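Breakdown of the fold
Each chain, letter by letter, is given below.
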Amino acid sequence: QARLVESGGGSVQPGGSLGLSCVASGISFSAYDMAWYRQAPGKQRELVASITSGGATNYPDSVKGRFTVSRDNAKNRVYLQMNSLNPEDTAVYSCHAIWQVSGGTLGDHWGQGTQVTVSS
């Protein structure tokens, strides 16, 4: 059974840093494209970072230069390093795994999320 579990959330002051980790089980992790999403109260979920199975990364302008996504296929883990955090980064951060091939989607899984709060 596929499972994604995030860890590393918490509270930090503006300007601080926080690192998130997501460990996957029950999936062929190296085949999956991985991503981090966040959702703040009253707002739509938004993508904050993605990394393909081949290691290519992508970020929206809102976090570019501050957030870094990486993966360790040997450990079935994807990471999100967040620097220069500000209160607008406060949200529940969730890990997403998707395996898409030319014929369709072979797997699509979400973690339960971890809270990140940026406040003075």
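This text goes with the structure placed above it.
In this report, the structure presented in the accompanying data block is examined. Keep in mind it's a predicted model, so treat the numbers as computed, not measured. (Residues numbered from 1 in each chain as written. Predicted model: local features only at pLDDT ≥ 70, side-chain atom pairs only at ≥ 80, totals over all residues. Heavy atoms only, no water.)

Right, let's talk about the nonpolar core for a bit. Within the largest apolar cluster, 29 residues are counted, with the highest numbers of intra-cluster contacts made by Trp36, Val78, Leu80, Met82 and Tyr93. Going through the elements one at a time, strand 3 (18–25), strand 4 (33–39), strand 5 (46–51), strand 7 (67–72), strand 8 (77–82), strand 9 (91–101) and strand 11 (114–118) are the ones with two or more residues in this core. Not counting the four nearest positions on each side in its chain, Met82 is found in contact with Gly16, Ser17, Leu18, Leu20, Arg66, Phe67, Tyr93 and Val116. (Core = buried A, V, L, I, M, F, W, Y, C linked by side-chain atoms within 4.5 Å. Buried < 20%, exposed > 50% of the residue type's maximum accessible area, 1.4 Å probe, protein only. Helix = DSSP H or I, 4+ residues; strand = E, 2+ residues; numbered from the N terminus. Contact = heavy atoms within 4.5 Å.)

This paragraph deals with the pattern of salt bridges. The tally for this structure, following the rule as stated, stands at four salt bridges. The salt bridge involving Arg66 is made with Asp89; its shortest N-O contact spans 2.8 Å. Separated by 23 residues along the polypeptide, Arg66 in the loop between strand 6 (57–58) and strand 7 and Asp89 in the loop between strand 8 and strand 9 bring together distant segments of the chain. Residue Arg66 is classed as buried on the basis of its relative accessible area, which comes to 15%. A single salt-bridge network, built from bridges that share partners, covers Arg38, Glu46, Arg66 and Asp89. (Salt bridge = Lys/Arg side-chain N within 4 Å of Asp/Glu carboxyl O.)

Turning our attention to the environment of Met34. Considering the arrangement of structural elements, one finds Met34 in strand 4. Look at Met34 and you get buried, because its relative accessible area is 1%. As a C-alpha pair, Met34 and Pro87 span 53 residues in sequence and 25 Å in three-dimensional space. Residues contacting Met34, with those up to four places away along its chain left out, are Phe29, Ala49, Ser50, Ile51, Arg71, Val78, Cys95, His96 and Ala97.

Every second residue of strand 1 (residues 3–7) is oriented toward a common face, the buried set being Leu4 and Glu6 and the non-buried set Arg3, Val5 and Ser7. Of the pairings in the sheet, the one linking strand 1 to strand 3 comprises five bridges and is antiparallel in character. Pairing of Glu6 across the sheet is with Cys22, part of strand 3. (Pairing = 2+ DSSP bridges.)

Before going further, it helps to examine the packing of aromatic side chains. Applying the stated criterion to the full structure yields two aromatic pairs. Relative to Trp99, the ring of Tyr32 has its centre 5.7 Å away and its plane inclined at 55 degrees; by these criteria the two rings are tilted. Here Trp99 lies in strand 9 and Tyr32 lies in the loop between strand 3 and strand 4, a separation of 67 residues in the sequence. On the basis of relative accessibility, which here comes to 4%, the residue Tyr32 falls in the buried class. Its relative accessible area of 26% is what places Trp99 among the partly exposed residues. Over the ring of Tyr37 we find Arg45; its NZ or CZ atom is 5.8 Å from the centre of that ring. (Phe/Tyr/Trp six-rings, centres within 6.5 Å; stacked < 30°, edge-to-face > 60°. Lys NZ or Arg CZ within 6 Å of the ring centre and 35° of its normal.)

Further remarks concern the side chain of Ser94. Mapping Ser94 onto the fold places it in strand 9. Discounting residues that sit within four places of it in the chain, Ser94 has contacts with Glu6, Ala35, Trp36, Tyr37, Trp110, Gly111, Gln112 and Gly113.

Take it as geometry only, folks, not as evidence of what the structure does.
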